[in-house]
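Descriptive analysis of the structure
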Amino acid sequence: MSFITRGFTGRGRDRDEGLPPGQTLARDFPVLSYGPTPQIDTDEWDLTIRTEQGTHSWSWDEFLQLDAEDITTDIHCVTHWSKLGTNWRGVSLDTLFEEIETQHDFVMAHSFGGYTTNIALDELLDGQAWVAFEYEGELLDAEHGGPARLLVPHLYFWKSAKWLRGLEMMPDDVPGFWEQNGYNMHGDPWREERYW
Ligand SMILES: Nc1nc2c(c(=O)[nH]1)N[C@H]1C(S)=C(S)[C@@H](COP(=O)(O)O)O[C@H]1N2
Ligand SMILES: [Mo]
């Protein structure tokens with residue numbers, strides 16, 4: 001299956017008009033990491049979703065057996081760079097959450113290395129988010145979040161946690177790392193929800 005998210009073709013824009021307010025086009029792929037790049041062996045990698053009911057984990061092999069999708073999408077960093085039409089491969093959060101039951105509405109994404117970011121569950125379902133493990137046809141580089149990162153392209157890119165380790169369901173919206181440091185709780189680039 002292939003998905004083209006609304007930032008790419010929607011709202012009557014073509015590729016060249018696809019920049020949210022205040023953004024400029026990046027030709028390269030900037031690396032933005034707070035802290036060192038963790039080196040994670042896929043033998044030791046697993047992905048966990050923790051709910052009020054318990055935990056569900058996938059090993060790397062189990063994760064790769066899930067249905068994966070090709071995604072073409074624009075990405076927007078709060079530091080004003082965007083890239084249009086980037087190509088990824090990943091597992092939809094819809095697929096991961098098929099196996100999950102929860103009454104909680106909010107998610108904290110946790111990364112290897114300690115980074116966190118908060119997102120409402122309804123911003124992650126219905127084809128809006130993936131756990132991505134390939135970029136432009138290659139396994140994801142460690143500096144861009146490999147083995148796997150969250151990809152939530154309709155929100156500013158700080159919500160796309162690199163080196164994703166787990167998703168924790170929460171009853172309330174609790175700020176993650178950058179959100180505690182002044183970034184917006186929601187982060188819609190089309191509304192310029194950059195800071196508080
Ligand atoms: N674990 C982790 N994830 C992270 C970050 C980080 O510092 N640590 N930076 C965020 C920010 S601010 C951005 S813009 C993107 C950058 O992703 P890139 O380095 O692949 O361009 O990753 C996001 N995810
Ligand atoms: Mo960013």
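Above this text is the structure in question.
The following refers to the structure shown. Predicted model, so just to flag it, every value in this text is computed and none were measured.

1. Section: the packing of aromatic side chains
A full pass over the atoms with the stated rule returns 19 aromatic pairs. Consider the rings of Trp45 and Trp60, whose centres lie 5.0 Å apart with planes at 90°: the pair is edge-to-face. With a gap of 15 residues between them, Trp45 in the loop between β2 (24-25) and β3 (46-51) and Trp60 in helix α2 (residues 60-65) connect regions that are remote in the sequence. The burial state of Trp45 is the same as that of Trp60; both residues are buried. Each ring, one from Trp81 and one from Phe157, has its centre 6.2 Å from the other, and the planes form 80°; the classification is edge-to-face. On the criterion of sequence distance, the pair formed by Trp81 in strand β6 (residues 81-92) and Phe157 in the loop between β11 (149-151) and β12 (164-170) is long-range, its members being 76 residues apart. According to the relative accessible area criterion, Trp81 is buried, its value standing at 10%. An aromatic cluster of at least three residues, connected via ring pairs, comprises Tyr34, Tyr115, Tyr156, Trp158, Phe177, Trp178, Tyr183 and Tyr195.

2. Things to note about the side chain of Asp188
Tracing the chain through its elements places Asp188 in the segment after α4 (177-180). Every residue in contact with Asp188, bar those within four places of it in the chain, is listed here: His154, Leu155, Tyr156 and Glu193.

3. Examining the site of ligand 1
Within the structure, ligand 1 sits among 18 residues, and Pro30, Tyr34, His144, Arg149 and Lys162 are positioned closest to it. In the environment of ligand 1, an oxygen atom lies 2.6 Å from a nitrogen or oxygen atom belonging to the backbone of Pro30. Of the residues in the shell around ligand 1, the class split is 12 nonpolar, 4 polar and 2 charged.

4. Some details on the sheet that holds strand β7 (residues 106-111)
Here 5 strands make up an open sheet; going across it, the order is β4-β3-β12-β7-β8 and the pairing mixed. Only two strands of the sheet have a single neighbouring strand rather than two, namely β4 (54-59) and β8 (116-120). Adjacent strand axes in the sheet meet at a mean angle of 15° when their direction is disregarded. Here β3 runs beside β12; their pairing, made up of 3 bridges, is parallel. In the sheet register, Arg50 faces β12, and the bridge partner there is Glu168.

5. Observations concerning a negative patch on the surface
The grouping of Asp41, Asp43, Glu44, Asp46, Asp61 and Glu62 at the surface amounts to a negative patch. On the accessibility criterion, Asp41 (38% relative accessible area) is partly exposed.

6. Some thoughts on the environment of Gly166
With respect to the helices and strands, Gly166 occurs in strand β12. The class for Gly166 is buried, based on a relative accessible area of 8%. Residues Gly166 and Ile119, spaced 47 residues apart in sequence, show a C-alpha to C-alpha distance of 13 Å.

Here is what the cut-offs are and how they apply
Residues numbered from 1 in each chain as written. Chains lettered and ligands numbered in written order. Predicted model: local features only at pLDDT ≥ 70, side-chain atom pairs only at ≥ 80, totals over all residues. Heavy atoms only, no water. Phe/Tyr/Trp six-rings, centres within 6.5 Å; stacked < 30°, edge-to-face > 60°. Helix = DSSP H or I, 4+ residues; strand = E, 2+ residues; numbered from the N terminus. Buried < 20%, exposed > 50% of the residue type's maximum accessible area, 1.4 Å probe, protein only. Contact = heavy atoms within 4.5 Å. Near = heavy atom within 4 Å. Polar contact = N/O pair within 3.5 Å; in protein donor to acceptor, adjacent residues only side chain to side chain. Nonpolar A, V, L, I, M, F, W, Y, C, P; charged D, E, K, R; others polar. Pairing = 2+ DSSP bridges. Axes fitted to C-alpha atoms, helices over the stretch in contact; angles between N-to-C directions. Patch = residues over 30% accessible without salt bridge, like charges linked within 9 Å, V, L, I, M, F, W, Y side chains within 5 Å. Areas by Shrake-Rupley, 256 points an atom, 1.4 Å probe, with all protein chains shown as cover. Salt bridge = Lys/Arg side-chain N within 4 Å of Asp/Glu carboxyl O. Lys, Arg positive; Asp, Glu negative; His and termini not counted. Charge placed at Lys NZ, Arg CZ, Asp CG, Glu CD.

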